[in-house]
Amino acid sequence: MTCTRRRWTCRQLGLLSLGIFIGVGFYGVFEFLFGSPPPPKVTFYIGNVTAMYPPQAPNLSLPTAGYAGTGERVGTDVMQVGDIKPNCGLEKVCPDHHFPVHVYSGKNKDDRPRVCISGKYVIEKDVNKGGRGLNLVVVDPKQMKAILAKHFDTYAGDSSQLETFLSQEVLEGDILVVVTFDEASRNLSPTAKNMFAKLGSGQIQNLQFRGQWFMVTRKGINGFSPFEDLKASKGGLWTPIDEKFCVSRQLQGQSIMPDPPVDQNPERLKFCTAHPHVTDFCSVSHREMPLRPAILTNHQIMGSAMFTTPIMVIAGTRGHTSLSDLTLTLQTVLGQPGVQNKYVVVVYDPRHIPDVFALSRLFNFSSKAIVPQNFNDTMQYYEVMQVVFETAHAAFPESPYITIVEAGLLLAPDFLAYTASLLPLLHDPNILGISAWNPNGYLNVSTRPDLAYRVEDFPGMAFTLRMDTYLKELRTKMKECCNRRGWEGWFQAGRRDREIVIPDISRVLHRPVGPELEPSTPLIHALFQRLRATNLEMNAPILNGESLAGQRYETHLSTILNASTTLTPSRHDVLRCANEGDIQHLHLNLTTDRQVVLVLPYKEGDTDGWAGMKLLCHCFGLFHHHDSPPKGLHKGLLRFSMKGSEVILLSNHSPHFHTTKFVTTALTLP
């Protein structure tokens, strides 16, 4: 009887609990049994005390860094806690006196870093401002929990606050977790690197652009941290770190043979002491950094002859370059993945730009001073170019190619990769050279990094030719061919229907300079005093390279012209567009969501001239100058891009005009 009564009582209690659950829901049961619900996902705690957010106390004071009366480490700031994940995602529970850690450096700039300590994420999106640069977490080894989380953007700012934090807020015995995100090397000073080295890092000295690095260490550690990894950028892209492990509260160092101590560059420091005006290169955070060539990771172009082609950098001719400008140029040369220092030669006039020899040695580049027999004579540009070609041929007699970088240029990150991918085209007898500069490459009309074109005029700037072109054609005709800068007109008499390959988006930038270096003529103003597009991506392959060779280019043009959409503005619309500088008069209706090919066919009113094309160039915002013909022409047509779509200006001088689709065009210009 007693047992029966007890079973009846248990059933009644069970039914009562079920009724409460159904009546008030899970949330009500939680509150009914345990009181108030838990705080929201993101909580804040101060030192070693977790607090509700927003804080309940009106005047919450922060403790000073050190130890509480209980011996626990306390921090100096309010810290957030994000996701809670048992054991930080490790499959096995950590041993006694160990705590779990998860560090994640992010896979791209739109991602976020993550750091988990003892099951709590204290660095992640919107938690403790985790972001670009260095993210640091201080852990109390006694309680094995995070007490401080800090973020230092060493890409946008210097390392001074980081150095203060490491010296004043990280105390002896503290465990420190560090992980990079996006780019942290730019302004990470030698002092900060040395501080990390003293904290047990054996790899921080090797951190370079977009490299990813993490370390878990203890202040006062003897030896080197057992938890450290560095992953170099691959082709300018991120190689993320994603590691989970257990850390001992009594973290011990390793007696291993590390990499050499943090690199110093006494020669660069000496140069910068003598040339403090070379501002960025000689800034406090940069002047001791080593100079190393970028590593090639693009397997598609490995083994290309481009990486054994001499790169001839011209400086200080007619006063066109300052030492600061040349330094920037050489930095962008050294930053080319796959570049080999021994193939780079700087040709300069020491009367106009001194100390180039010392600067070139810093980069481990060769240099060649050029001075006329009569010291006071002015060297003509063709004489400079002759020395450039002869120097390259004498130093690299087996090289079939030569690359020339004119004065005052900055190379895009994929300059060498772009040229290497198109280098086989120089075997085509219809191709004279490959240029990295588009004279029509202004903003809004240069939007396709994957396209290249064939053009009749030689744009110069930074270009690659066959060495035989010089030896067999130009050597005895340099004065007639090349007495002006490339963009002023080369090969006007000796092109022989051969063409130049240019990119839609330039792979080189000509920096606007003052009149003391380069007088501002109307032509220079038209070319260089407007904003231009320059490719900034490390990986932007040319997708139409194969279609540029031989007759395939004409076939390719026919295909896209036949599938194109025809623009039919009136002459009045074009004149208004050119006079008012408003492209809306042409009713293009372009969007970035859909790529199309637009063709504007027209007839030149002048049988032999280009007045109509010049008017259209003015309308669209391409190069236009009253004394110069249009640039970028190919047999009577001109190609460019807007919002990712191709636009072709098709004159009746083009053989492609005389098809059924365009021959009835009524528009005549100007």
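See the structure shown above.
The rules we used
- Residues numbered from 1 in each chain as written.
- Predicted model: local features only at pLDDT ≥ 70, side-chain atom pairs only at ≥ 80, totals over all residues.
- Heavy atoms only, no water.
- Core = buried A, V, L, I, M, F, W, Y, C linked by side-chain atoms within 4.5 Å.
- Buried < 20%, exposed > 50% of the residue type's maximum accessible area, 1.4 Å probe, protein only.
- Helix = DSSP H or I, 4+ residues; strand = E, 2+ residues; numbered from the N terminus.
- Contact = heavy atoms within 4.5 Å.
- Pairing = 2+ DSSP bridges.
- Axes fitted to C-alpha atoms, helices over the stretch in contact; angles between N-to-C directions.
- Disulfide = S-S within 2.5 Å.
- Phe/Tyr/Trp six-rings, centres within 6.5 Å; stacked < 30°, edge-to-face > 60°.
- Lys NZ or Arg CZ within 6 Å of the ring centre and 35° of its normal.
- Arc of directions from axis to C-beta.
- Salt bridge = Lys/Arg side-chain N within 4 Å of Asp/Glu carboxyl O.

S.K.: Residues and numbers for the nonpolar core, please.
M.R.: Counting residues in each nonpolar core, the largest one holds 130 residues, and the members touching the most others are Phe281, Phe620 and Leu649. Looking at this core element by element, the count peaks at seven residues for helix H7 (residues 381-395). Residues contacting Leu649, with those up to four places away along its chain left out, are Leu600, Met613, Leu616, Phe620, Leu622, Gly636, Leu637, Leu638 and Phe640. Counting residues in each nonpolar core, the second largest holds 24 residues, with Val115, Ile175, Phe227 and Val247 among its members.

S.K.: Tell me about the environment of Pro293, and please be specific about residues and values.
M.R.: One can find Pro293 in the loop between helix H4 (266-274) and strand E15 (311-315). With a relative accessible area of 28%, Pro293 lands in the partly exposed category. When the C-alpha atoms of Pro293 and Asn341 are compared, they prove to be 7.4 Å apart, with 48 residues separating the residues in sequence.

S.K.: Which residues make up the sheet that holds strand E13 (residues 227-231), and what values do they have?
M.R.: What the five strands build is an open sheet, ordered E10-E9-E11-E12-E13; its pairing is antiparallel. Every other strand in the sheet has two partners, leaving strand E10 (145-152) and E13 as the edge strands with one partner each. Going from strand to strand, the sheet's axes swing by 15° on average, the running direction of each strand aside. The pairing of strand E9 (residues 133-140) with strand E11 (residues 175-181) spans seven bridges and is classified as antiparallel. The residue bridging Val137 from the neighbouring strand is Val177, located in E11. Taken strand by strand, helix H2 (residues 160-169) contacts E9, E10 and E11, and its axis lies near 160° from that of E10.

S.K.: Provide a residue-level description of the sheet that holds strand E16 (residues 344-348), including the pertinent values.
M.R.: Spatially, eight strands are ordered E17-E16-E15-E18-E22-E20-E23-E21 in an open sheet, and the strand pairing comes out mixed. Whereas interior strands pair on both sides, the edge strands pair on one side only; in this sheet they are strand E17 (366-369) and strand E21 (452-455). Direction aside, the axes of adjacent strands within the sheet are offset by 25° on average. Relative to E17, E16 runs parallel, the two being bridged by four bridges. Following the sheet pairing, Tyr348 is matched in E17 by Ala369. Contacts from helix H5 (residues 323-334) reach E15, E16 and strand E18 (401-405), with the element oriented near 165° to E15.

S.K.: Explain the state of the cysteines to me, using residue names and the numbers behind them.
M.R.: Following the criterion strictly, the structure yields four disulfides and no others. Here Cys88 connects covalently by a disulfide to Cys116, the sulfurs 2.1 Å from one another. Disulfide Cys88-Cys116: torsion about the S-S bond near -80°, hence left-handed. Taken together, the residues span a long stretch of sequence, with Cys88 in the loop between strand E5 (78-81) and strand E6 (98-104) and Cys116 in strand E7 (residues 114-117) at a distance of 28 residues. We classify Cys88 as buried; its relative accessible area is 0%. Left unpaired, Cys617 is separated from the closest cysteine sulfur, that of Cys619, by 9.7 Å. Exposure remark for Cys617: the relative accessible area of 1% places this residue in the buried category.

S.K.: Outline the pairing of strand E8 (residues 120-123), supporting the account with residue identities and numerical values.
M.R.: In terms of strand pairing, E7 meets E8 through three bridges, oriented antiparallel. Bridge assignment links Val115 to a residue of E8, and that residue is Ile123. The hairpin turn running from E7 into E8, its antiparallel successor, is two residues long, and Ser118 in that turn takes a positive phi close to 50°.

S.K.: Tell me what's going on with the packing of aromatic side chains, and back it up with residues and numbers.
M.R.: For the structure on display, the rule yields 12 aromatic pairs. Ring centres 4.9 Å apart and planes at 75° place the aromatic pair Phe458 and Phe463 in the edge-to-face group. An identical accessibility class is assigned to Phe458 and Phe463; each is buried. Three or more aromatic residues link up through ring pairs in this structure, and these residues are Phe271, Phe281, Phe363 and Phe365. Over the aromatic face of Tyr155 sits the side chain of Arg186, whose NZ or CZ is 4.7 Å from the ring centroid.

S.K.: With reference to specific residues and values, describe helix H3 (residues 190-198).
M.R.: Of the residues making up H3, those classed as buried are Pro190, Ala192, Lys193 and Phe196. Projected down its long axis, H3 shows its buried positions confined to an angular sector of 160°, all on one face. Where H3 is buried, its residues meet E9, H2, E11 and strand E12 (212-218). Of the residues flanking the end of H3, it is Gly200, one or two places downstream, whose phi is positive at about 115°.

S.K.: Which residues make up the pattern of salt bridges, and what values do they have?
M.R.: Two side chains carrying opposite charge are able to pair once their charged atoms lie near each other. As enumerated under the stated definition, the model contains 14 salt bridges in all. A salt bridge links Glu554 to Lys635; the nearest nitrogen and oxygen atoms lie 3.5 Å apart. Here Lys635 lies in the loop between strand E27 (633-634) and strand E28 (637-642) and Glu554 lies in helix H12 (residues 552-562), a separation of 81 residues in the sequence. By relative accessible area, Lys635 is classed as partly exposed at 39%. Here Arg639 makes a salt bridge to Glu646, at a shortest N to O gap of 2.5 Å. By sharing partners, the salt bridges in this structure join Asp83, Arg114 and Glu124 into a single network.

S.K.: Break down the side chain of Ser547 for me, citing the residues and quoting the values.
M.R.: Mapping Ser547 onto the fold places it in the loop between helix H11 (522-528) and H12. For Ser547, a relative accessible area of 14% puts it in the buried group. Once residues within four sequence positions are removed from consideration, Ser547 is found in contact with Arg552, Tyr553 and His556.

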